[in-house]
Amino acid sequence: MAVRACGLIIYRRLQSAPCSKVTDGIEYLLLQTSYGTHHWTPPKGHVDPGEDDLQTAFRETQEEAGLRASQLTLIEGYKKELHYPVRGKPKTVIYWLAEMKDCNTEIKLSEEHQAFQWLKLEDACKFAEYEDMQATLKEVHQFLCSKE
């Protein structure tokens with residue numbers, strides 16, 4: 001049985017971006033873990049008993065980044081499922097996409113993370129070492145570009 005986790009890929013739009021290049025003004029939130037290899041990842045975590053996947057994604061985002069569901073807009077039409085092994089056991093992670101309603105909202109980290117960064121796509125891909133996460137960020141960016 002695969003371990004199941006859910007999270008949100010959170011982005012914000014910077015007001016200073018020129019109108020013709022709206023996607024240039026998009027930054028993604030990544031959190032650096034305070035354990036293991038200190039990898040960078042969107043907020044995510046394990047599904048608790050009796051919880052549905054999307055509830056988990058919002059709960060974990062509030063616990064790990066201090067962001068409440070009311071501060072985010074869930075973007076319709078995007079959901080990504082990743083499958084990979086962790087210490088020899090299969091893991092499934094499901095991500096939804098959410099936009100910050102106010103790009104200046106403060107991020108409040110839990111003890112699970114030691115740092116956060118708002119990053120443009122290219123830098124976000126450098127910080128996210130895993131290929132499937134890099135590919136997901138690029139896919140999200142294409143999805144957002146196609147919605148413009």
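First things first, this report covers the structure right here in the doc. (Residues numbered from 1 in each chain as written. Predicted model: local features only at pLDDT ≥ 70, side-chain atom pairs only at ≥ 80, totals over all residues. Heavy atoms only, no water.)

1. Details of helix H1 (residues 53-65)
Under the 1.5 Å per step criterion, the end-to-end length of H1 is 18 Å for 13 residues, consistent within 8% with the ideal 18 Å. What H1 keeps buried is the set Asp53, Thr56, Ala57, Phe58, Arg59, Glu60, Thr61, Glu64 and Ala65. Elements that come into contact with the buried residues of H1 comprise strand E1 (3-13), strand E2 (26-33), strand E4 (44-46), strand E5 (72-86), strand E6 (89-100) and strand E7 (113-119). One side-chain oxygen at the N-terminal end of H1 lies 3.1 Å from the backbone nitrogen of leucine 54; it belongs to aspartate 52. Phi for glycine 66, located one or two positions after H1, is positive at around 75°. (Helix = DSSP H or I, 4+ residues; strand = E, 2+ residues; numbered from the N terminus. Expected span 1.5 Å × (residues − 1). Buried < 20%, exposed > 50% of the residue type's maximum accessible area, 1.4 Å probe, protein only. Contact = heavy atoms within 4.5 Å. Polar contact = N/O pair within 3.5 Å; in protein donor to acceptor, adjacent residues only side chain to side chain.)

2. Observations concerning the packing of aromatic side chains
Overall, the coordinates contain 3 aromatic pairs when judged by the stated rule. A ring pair is formed by tryptophan 40 and phenylalanine 127, whose centres lie 4.9 Å apart and whose planes are at 85°; its orientation type is edge-to-face. Placement of tryptophan 40 in strand E3 (residues 40-41) and of phenylalanine 127 in helix H2 (residues 121-127) is noted, with a sequence separation of 87 residues between them. Under the relative-accessibility criterion, tryptophan 40 is labelled buried at 12%. With a centroid separation of 5.4 Å and 55° between ring planes, the pair formed by tyrosine 78 and phenylalanine 143 is classed as tilted. With tyrosine 78 in strand E5 and phenylalanine 143 in helix H3 (residues 131-147), this pair connects stretches of sequence that are 65 residues apart. One exposure class covers both tyrosine 78 and phenylalanine 143, and it is buried. (Phe/Tyr/Trp six-rings, centres within 6.5 Å; stacked < 30°, edge-to-face > 60°.)

3. Comments concerning unusual backbone geometry
Phi is positive for histidine 38, which is not a glycine, with a value near 55°. Residue position: histidine 38 is located in the loop between E2 and E3. Residue classification places histidine 38 among the partly exposed positions, given a relative accessible area of 31%. Its identity is not glycine, yet arginine 87 carries a phi of approximately 50°, on the positive side. Take arginine 87: it is sitting in the loop between E5 and E6.

4. So, the pattern of salt bridges
Enumeration over the complete set of coordinates arrives at 10 salt bridges. Here arginine 4 and aspartate 53 are joined by a salt bridge, their closest N and O atoms 2.7 Å apart. Note that arginine 4 is positioned in strand E1 and aspartate 53 in helix H1, a separation of 49 residues in sequence. Judged by its relative accessible area of 36%, arginine 4 is partly exposed. Connected through shared salt-bridge partners, Asp48, Glu51, Arg59, Glu60 and Glu63 make up one network. (Salt bridge = Lys/Arg side-chain N within 4 Å of Asp/Glu carboxyl O.)

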